[in-house]
Every structure is written in C-alpha cells, then in structure tokens.
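# Coordinate analysis (summary)
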Amino acid sequence: MKKIILLGYMGCGKSTIAKELSKKIEIPFIDLDEFIEKKVKMTIKTIFAEKGEIHFRKLEHECFVELLNFTNPIIIGLGGGTPCYANNHELLKGEDVLSIYLKASIETLVDRLSLNKSNRPLIANKDDVEMKEFIATHLFERSYYYNQAQHIVAVDQKTIEQTVEDILVILA
Ligand SMILES: Nc1ncnc2c1ncn2[C@@H]1O[C@H](COP(=O)(O)OP(=O)(O)O)[C@@H](O)[C@H]1O
Ligand SMILES: O=C(O)C1=C[C@@H](OP(=O)(O)O)[C@@H](O)[C@H](O)C1
Ligand SMILES: [Mg+2]
C-alpha cells in the first residue's frame, strides 16, 4: 500500500480532510506539523518565533523523510510549505507514494484562513486585505511545487465529505 500524501496551501484542508479520510479507509493519519511539534516539544508558532523559518524548514524536511521511511501504510498531511523547500517536491513523485494536491482558490483560502490564522506564523499578523494580496502572490509562487503532485483534487465549494469521496475515486 502506497503512502498517501495530501498537500496544498494553508487552509486548503489537508489536516481536516486527512483526518476524515483516515476514519473512512482505516489507515492512520500523521499530520507533519503535529509530528514536528511532538518531536521538538514546541509549537510551530514557537519554532518560527524562537528558531526562525530556516530552522523549521530543516526540521520539516527531516521529519518528512522520517515519515516516508515508515514501513506501514499511512496518510501524511503536509504543511503548506513542505513541497516548496529542500527539494521535497521530488519526494512527491516516488513510486511508493500517492500524492494529492488539494487545490483551492484564493477566495476559499481567504475565507477559511481569516478564521484560523493565529497559529499560522506566515499570516498571523495580516488583516483580510493584506492576507488576500499575500496569498495571491504566494500561491502563484508555490503552484509550481504543488503541481508536482500525482493527482489534483479541486476543493472549492465542496464539503469535507465530497472531497473525501473525490479522493476515494483516485484510490479505487
Ligand atoms: N469543505 C471543507 N473542507 C475542508 N476544510 C473546511 C471545509 N469547510 C471549512 N473548512 C475549515 O477550513 C479549515 C481548514 O484547515 P486545515 O484542515 O487545518 O487546513 P490545512 O491543514 O490545509 O492548513 C478548517 O478550520 C476546516 O474546519
Ligand atoms: O505554508 C506554510 O509555509 C506553512 C503551513 C503550515 O501548515 P498548514 O498548511 O497545515 O497550515 C505550517 O507548516 C507552517 O505554519 C508553515
Ligand atoms: Mg495542517
């Protein structure tokens, strides 16, 4: 069984969808951010604030490789930036993984993130107007990496259940 990897911009639903998919197909889910937090006993917010983003990116890469070396089937929910650093995007193409980009529009991302930004250091201090501009540019820059995924699932206007169903079609 290949490892299932969910990727995409902050707020596209990686953590939420991975949790539901995990219940449905009874394969354990590991959220990369949570794995990092447990390993270093610090929150993502504190790692960024005290150690800086470059340190976080190194940890993120090491932990991603560690998860890929697990021998049991797992669903991995990446962080939004994971594919964009340390050549991690190359790891999305491996034969033993099935990578899925959860593709959301700027509008969907702004709607979801405006309610959930405090624990996301890259956007925590931005108001809605600044956030929209930031996401538009950032998503454009990151799209090259996200598009390295083996599959793309559009998530706009879909319920959690509908997105999970779309993923099940890919897995079938
Ligand atoms: N249809 C939907 N699919 C996924 N998430 C949704 C949906 N509608 C609202 N949300 C909310 O959007 C947020 C997505 O955040 P999260 O799953 O943490 O994304 P990510 O891990 O990609 O940053 C959650 O607060 C979730 O409850
Ligand atoms: O996009 C990014 O660079 C980040 C996304 C976050 O994960 P989510 O996409 O789950 O919010 C987390 O890894 C960190 O705040 C950096
Ligand atoms: Mg997440």
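Since we're looking at a predicted model, the values are computed, not measured. (Residues numbered from 1 in each chain as written. Chains lettered and ligands numbered in written order. Predicted model: local features only at pLDDT ≥ 70, side-chain atom pairs only at ≥ 80, totals over all residues. Heavy atoms only, no water.)

## Examining the site of ligand 1
Applicable threshold: Distances are taken per atom, and a residue is near a molecule or strand as soon as one of its heavy atoms is within 4 Å of it. A 3.5 Å cut-off defines polar contacts: any pair of N or O atoms within that distance qualifies, except that in protein one atom must be a possible hydrogen donor and the other a possible acceptor, and neighbouring residues in sequence count only when both atoms are side-chain atoms. The method behind every accessible area is Shrake-Rupley, applied with a 1.4 Å probe, and residues are considered shielded solely by the protein chains displayed.
Around ligand 1 there are 15 residues in total, and G11, K14, T16, R120 and K158 lie nearest to it. K14 has a polar side-chain atom sitting 2.8 Å from an oxygen atom of ligand 1. Side-chain polar atom of R120 to an oxygen atom of ligand 1: 2.7 Å apart, as the coordinates give it. The protein chains hide 74% of the 560 Å² of surface that ligand 1 would expose on its own.

## Quick look at helix α4 (residues 53-68)
The criterion, for reference: Helical segments are the DSSP runs of H or I of at least four residues, strand segments are the runs of E of at least two, and each set is numbered from the N terminus. To estimate how far a helix should reach, multiply one less than its number of residues by 1.5 Å. The classification of residues rests on relative accessible area computed with a 1.4 Å probe and restricted to protein chains. Under 20% of the type maximum is buried, over 50% is exposed, and intermediate values are partly exposed. Working note: the arc is built from the helix axis to C-beta atom directions.
Between the first and last C-alpha of α4 there are 22 Å, a value that for 16 residues agrees with the 22 Å anticipated at 1.5 Å per step. Every buried residue of α4 is accounted for by F56, R57, L59, E60, C63, F64, L67 and L68. Buried residues along α4 cover an arc of 165° about the axis, so they all sit on one side. Seen from the buried face of α4, the exposed residues on the opposite side, beyond 90 degrees, are I54, K58 and E62.

## Points about the UniProt feature "binding site: ATP" (unreviewed entry) in the protein chain
Short version of the rule: UniProt positions are given in the numbering used here, feature names are shortened, and annotations may be inferred rather than shown by experiment. Cavity means a closed set of points on a 1 Å grid over the protein atoms alone, one where a 1.4 Å probe fits but cannot get out, pocket means an open set with protein on both sides within 12 Å along at least 5 of 7 lines, and lining means a residue has an atom within 4 Å of a point. We call two residues in contact when some of their heavy atoms are within 4.5 Å.
Sequence positions flagged by UniProt for "binding site: ATP" (unreviewed entry) are, in local numbering, G11, C12, G13, K14, S15, T16 and R120. In the annotation above, G11, C12, G13, K14, S15, T16 and R120 are the residues that line the largest pocket. Mapped onto the fold, G13 is located in the loop between β1 (3-7) and α1 (14-25). What makes G13 buried here is its relative accessible area of 15%. Once residues lying within four places of it in the same chain are set aside, the contact partners of G13 are A18, L102 and R112.

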